[in-house]
Amino acid sequence: MGRPDAPFPVMGLSISVDRTSAVRIRVAGEIDLSNFNHFVESVTLHAPDDGAWILDMCGVTYVDTTAIRALLSLRERFGEVFAIVPSVRLLRILEVTGLRDAFRWIEIAE
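Residues numbered from 1 in each chain as written. Predicted model: local features only at pLDDT ≥ 70, side-chain atom pairs only at ≥ 80, totals over all residues. Heavy atoms only, no water.

Novice: Just checking my understanding: could you explain the sheet that holds strand β3 (residues 53–63) for this structure?
Specialist: Sheets are built from strands that pair by backbone hydrogen bonding, the pairs being arranged parallel or antiparallel. Spatially, the 5 strands line up as an open sheet ordered β1-β2-β3-β4-β5, and their pairing is mixed. If you trace the sheet from one side to the other, it starts and ends with β1 (13–18) and β5 (104–105), each paired once. Bridge analysis of β1 against strand β2 (residues 23–31) gives 6 bridges, and the strand direction is antiparallel. Bridged to Asp-18 within β2 is Arg-24. Contacts from helix α1 (residues 36–46) reach β1, β2 and β3 within the one sheet, and its direction differs from that of β1 by about 5°. Along the sheet, helix α2 (residues 65–78) makes contact with β2, β3 and β4 (82–85), crossing β3 at roughly 170°. (Pairing = 2+ DSSP bridges. Helix = DSSP H or I, 4+ residues; strand = E, 2+ residues; numbered from the N terminus. Contact = heavy atoms within 4.5 Å. Axes fitted to C-alpha atoms, helices over the stretch in contact; angles between N-to-C directions.)

In structure tokens form, the structure reads like this:
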């Protein structure tokens, strides 16, 4: 069964998938309690069953502790097969909470 690669907008959150090389799941907008389930379910649906993939969160403009909980949930489900391209805000929150080293990162040039 194929998975649609179109964006999935829900209450300030957009998720799109690029499968042209390594699977890259792009997230843009806000991640909070109102869309926590949608975020986790959409990423889980589009993550490959095997092999590494990238969670590109450069377009995320707002995160709260709910987003951290979502990322921890994804890490529990997928282990270290995915790497995160963080937004500046996400990186700051993870540094403050001491969770920066809990994930694999892909640094981007600013």
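Novice: Can you help me understand the pairing of β1 in this one?
Specialist: The two faces of the sheet receive side chains in turn, since in a regular strand these alternate between them. Residues of β1 alternate between two faces, with Leu-13, Ile-15 and Val-17 buried on one and Ser-14, Ser-16 and Asp-18 left unburied on the opposite face. Connecting β1 to the next strand, β2, in antiparallel fashion are 4 residues. (Buried < 20%, exposed > 50% of the residue type's maximum accessible area, 1.4 Å probe, protein only.)

Novice: Would you mind going over the nonpolar core with me for this structure?
Specialist: Nonpolar side chains in soluble globular proteins tend to be buried together. One finds Phe-39, Leu-55, Met-57 and Leu-71 to be the most contacted residues of the largest nonpolar core, which totals 30 residues. Breaking this core down by element, the ones donating at least two residues are β1, β2, α1, β3, α2, β4 and α3 (88–97). Element by element, the count of residues in this core is highest for α2, at 6 residues. In this structure, Leu-71 is in contact with Phe-39, Leu-55, Met-57, Ile-84, Leu-90, Leu-94 and Phe-103, ignoring residues within four places of it in sequence. (Core = buried A, V, L, I, M, F, W, Y, C linked by side-chain atoms within 4.5 Å.)

Novice: Can you walk me through the packing of aromatic side chains in this structure?
Specialist: Here a ring pair, both rings aromatic, is described through the centre-centre distance and the interplanar angle of the planes. This model, assessed by the stated rule, comprises 3 aromatic pairs. Judged by centre distance (4.7 Å) and plane angle (20°), the ring pair of Trp-53 and Phe-82 falls under stacked. Taken together, the positions of Trp-53 in strand β3 and Phe-82 in strand β4 put the pair 29 residues apart, joining distant regions of the chain. For the pair Trp-53 and Phe-82, one class covers both residues: buried. Measuring from centroid to centroid gives 6.1 Å for Phe-103 and Trp-105, while their planes differ by 70°, and the two rings are edge-to-face. Grouped by ring-pair contacts, the aromatic residues Trp-53, Phe-78 and Phe-82 constitute a single cluster. In this structure, Arg-75 packs its charged tip against the face of Phe-103, placed 5.7 Å from the ring centre. It is Arg-77 that lies over the ring of Phe-78; its NZ or CZ is 4.6 Å from the centre. (Phe/Tyr/Trp six-rings, centres within 6.5 Å; stacked < 30°, edge-to-face > 60°. Lys NZ or Arg CZ within 6 Å of the ring centre and 35° of its normal.)

Novice: What exactly am I supposed to notice about the packing of α1 against α2 here?
Specialist: Helix-helix packing is characterised by the crossing angle of the two axes and by the distance between the axes. Across the interface, α1 lies against α2 with an axial gap of 10 Å and an inter-helix angle of 25°. The pairing of α1 with α2 is recorded here as roughly parallel in orientation. Where α1 crosses over α2, the two elements pack in a sense that is right-handed. Contacts between α1 and α2 pair Phe-36, Phe-39, Val-40, Val-43 and Thr-44 from the former with Thr-66, Arg-69, Ala-70, Leu-71, Ser-73, Leu-74, Arg-77 and Phe-78 from the latter. Across the contact of α1 with α2, the residue classes tally to 8 nonpolar, 3 polar and 2 charged. (Parallel < 35°, antiparallel > 145°, perpendicular 65-115°, else oblique. Left-handed = near helix turned anticlockwise from the far one by under 90°. Nonpolar A, V, L, I, M, F, W, Y, C, P; charged D, E, K, R; others polar.)

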